[in-house]
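# Residue-level structural notes
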Amino acid sequence: MSYFDAASSAPLHPVARQALAASLDEGWSDPARLYREGRRARLLLDAAREAAAEAVGCRPDELVFTPSGTHAVHLGVSGAVAGRRRIGRRVVVSAVEHSSVLHAAGEEAVRVPVDRYGRVAVSDWAGALGEGVALACLQSASHEVGTEQPVAEVAGVCREAGVPLLVDAAQSLGWGPVGGDWSLLTASAHKWGGPAGVGLLAVRKGVRFAPRGPADERESGRSPGFENIPAIVAAAASLRAVRAEAREEAVRLRALVDRIRARVPELVPDAEVVGDPVGRLPHLVTFSCLYADGESLLHELDREGFSVSSGSSCTSSTLEPSHVLRAMGVLSEGNVRVSLPPGTPAEEVDRFLAVLPGAVSSVRERLGAPVGAGAAGGAEAGPPSLVVDTLGKRCPIPVIELAKVIGRVPVGGTVTVLSDDEAARLDIPAWCGMRGQEYLGAEERERGAAHVVRRAE
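Residues numbered from 1 in each chain as written. Predicted model: local features only at pLDDT ≥ 70, side-chain atom pairs only at ≥ 80, totals over all residues. Heavy atoms only, no water.

Residues given the UniProt feature "domain: UPF0033" (unreviewed entry) here are residues 388-412. Helix makes up 36% of residues 388-412 and strand 8%. Its end C-alpha atoms lie 17 Å apart. (UniProt positions renumbered as here; feature names shortened; annotations may be inferred. Helix = DSSP H or I, 4+ residues; strand = E, 2+ residues; numbered from the N terminus.)

This is the structure:
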């Protein structure tokens, strides 16, 4: 089985396994106690903090370990907002932040739009830093499409506006430090090959910060209580190890991802590779396939021995397309994210590319997708307009039905697709862009919407 979902959770690094086993005998005691066992635990904890701080690029006394990356995000956001409550409570975020950041920022957060690659414009960010903004949050790189954000430039405009910037570095920290004059930073150990259940939060000196949440006499400021020292030691040790390997491995994995980015559109008709082709993480690539549903495609690839993930709306975990793909305005159906863990053999990437076309074809055939990838074709003597009712049907059926009938109307004629599937709001315009047709917009109905497409060719 080839595990291609390192962006969700990387396999445990051998160094993490060794450090975890070694520290179980020394790190079980309370590091706040003064007896021998407590002092041993404290030495392990302090050494781990120093190693992690060096990797982050901060002082050891600016960093604490948390029970998870999500906990670090919520602690960082709530503490920074509480510390600046006299300024306001609004939080500026990008539209493609991880869901944990969006939840922590709240419904009133100001969302800065992104381009089709998933990157914010620094000018848009600067324009959002208005009155009453307590905090800004920006990921260093996308967990879903791999696009890197202009963190250093955004940190500069935040500094000019007097607004602290929290960087979610979960996906990138294993590959290198985050540049720029950021104020807070969060990360999660299982993303770089450390054990699950360890996050980290760095808060620069001088940042107003008022920790929120449960507290007891053990806690000093930002500390989350009794730390899991063996797991923390393993997390810090693995971070140091992956950093030592990062430069060479990044070059190798980038070449493999470049191969996937180039070959998928050649091997799979009507497939769109999304995310920035250059300014991206070295190990991650995302693509979407017309006329395929994500869940079936993931099952097909699993049967072929590949573990991948999807941001498609048509997966069992959600009925809506990924908010990241939605914000980018790209196709969501048949979405596949491949994220290669360190050490992935080139032969496994070649095997993946060999089985992918058959997997996509199998899913499309079962769904009754149009032959010839939905070319308009057909006689032009048909009616000037058609209505296709796909109410109650989920992605990718609305797009499949649209593709089947577009050739029945003359050039300049229209097809109206009735759909109550949220994915259709994204995928029908994306299909038009891919197939050279004109999307005229959607008319809201009591149930769903009527999407109007004009045949342009």
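For the bond running from C395 to P396, omega is 10°, close enough to zero to count as cis. On the secondary structure map, P396 appears in the loop between strand 13 (385-389) and helix 11 (397-405). Notably, D270 is not glycine yet its phi reads approximately 55°, a positive angle. Position of D270 among the secondary structure elements: in the loop between helix 7 (229-267) and strand 9 (271-274). Here the phi dihedral of Y291 falls at roughly 65°; this positive angle occurs in a residue that is not glycine.

Turning to the UniProt feature "coiled-coil region" (unreviewed entry) in the protein, a few remarks are in order. As annotated in UniProt, the feature "coiled-coil region" (unreviewed entry) corresponds to residues 236-263 in the numbering used here. Structurally, residues 236-263 comprises 100% helix and 0% strand, and the distance from its first C-alpha atom to its last is 37 Å.

A surface patch of like charges, here positive, comprises R85, R86, R89, R208 and R212. Mapped onto the fold, R85 is located in the loop between helix 3 (69-83) and strand 3 (90-94). Classification of R85 as exposed rests on a relative accessible area of 54%. (Patch = residues over 30% accessible without salt bridge, like charges linked within 9 Å, V, L, I, M, F, W, Y side chains within 5 Å. Areas by Shrake-Rupley, 256 points an atom, 1.4 Å probe, with all protein chains shown as cover. Salt bridge = Lys/Arg side-chain N within 4 Å of Asp/Glu carboxyl O. Lys, Arg positive; Asp, Glu negative; His and termini not counted. Charge placed at Lys NZ, Arg CZ, Asp CG, Glu CD. Buried < 20%, exposed > 50% of the residue type's maximum accessible area, 1.4 Å probe, protein only.)

The buried fraction of strand 14 (residues 414-419) is high, at six of six residues. Taking every second residue as pointing to the same face, both faces of strand 14 are buried, with T414, T416 and L418 on one and V415, V417 and S419 on the other. Where strand 13 meets strand 14, five bridges bridge the pair, whose relative direction is parallel. Paired with L386 across the two strands is V415, which belongs to strand 14. Each parallel crossover has a hand, and for strand 13 linked through helix 11 to strand 14 it is right-handed. Here strand 14 pairs with strand 16 (residues 449-454) via six bridges, running antiparallel. From the neighbouring strand, T414 faces strand 16, where its bridge partner is R454. (Pairing = 2+ DSSP bridges. Right-handed = clockwise from strand over helix to strand, strands pointing away.)

Attention now goes to the pattern of salt bridges. With the rule as written, the count across this model stands at 29 salt bridges. Here D181 ties to R159 by a salt bridge, and the two come within 2.9 Å at their closest N and O atoms. Taken together, the residues D181 in the loop between strand 6 (165-168) and strand 7 (184-188) and R159 in helix 6 (residues 151-161) connect sequence positions 22 residues apart. Look at the salt bridges and you will find they share partners, linking R326, E422, R425 and E444 into a network.

Residues V56, F65, W125, L129, L165, W192 and L200 are the most contacted members of the largest nonpolar core, which totals 59 residues. No other element matches helix 7, which puts nine residues into this core. The contact partners of W192, leaving out residues within four places of it in the chain, are A10, L173, G174, A187, L200, A235, S238, L239 and V242. Judged by nonpolar contacts, the second largest core, of 28 residues, contains L298, F306, L353 and V360. (Core = buried A, V, L, I, M, F, W, Y, C linked by side-chain atoms within 4.5 Å. Contact = heavy atoms within 4.5 Å.)

Packing of helix 11 against helix 12 (residues 424-435) brings their axes to within 9 Å, and their N-to-C directions diverge by 30°. Here helix 11 and helix 12 pass one another in a crossing that is right-handed. Listed contacts from helix 12 to P398, V399, L402 and A403 of helix 11 are A424, D427, I428 and W431. Broken down by class, the residue content of the contact of helix 11 with helix 12 amounts to seven nonpolar, no polar and one charged. (Axes fitted to C-alpha atoms, helices over the stretch in contact; angles between N-to-C directions. Left-handed = near helix turned anticlockwise from the far one by under 90°. Nonpolar A, V, L, I, M, F, W, Y, C, P; charged D, E, K, R; others polar.)

This part takes up the side chain of S339. With respect to the helices, strands and loops of the structure, S339 is situated in strand 12 (residues 335-339). Of the polar contacts made by the side chain of S339, one reaches the backbone nitrogen of A6; its length is 2.9 Å. For S339, the contacting residues outside a window of four places in its chain are F4, D5, A6, A7, H283 and L284. (Polar contact = N/O pair within 3.5 Å; in protein donor to acceptor, adjacent residues only side chain to side chain.)

This next bit is on the packing of aromatic side chains. Overall, the coordinates contain three aromatic pairs when judged by the stated rule. Taken together, a centroid distance of 5.3 Å and an interplanar angle of 75° make the contact between F306 and F352 edge-to-face. One end of the pair, F306, is in strand 11 (residues 306-307); the other, F352, is in helix 10 (residues 346-367), and 46 residues separate them in sequence. Note on accessibility: F306 and F352 belong to one class, buried. Through successive ring pairs, a cluster of aromatic residues spans F4, F306 and F352. Geometry around W182 places R204 over its ring, the cationic atom sitting 3.8 Å from the centre. (Phe/Tyr/Trp six-rings, centres within 6.5 Å; stacked < 30°, edge-to-face > 60°. Lys NZ or Arg CZ within 6 Å of the ring centre and 35° of its normal.)

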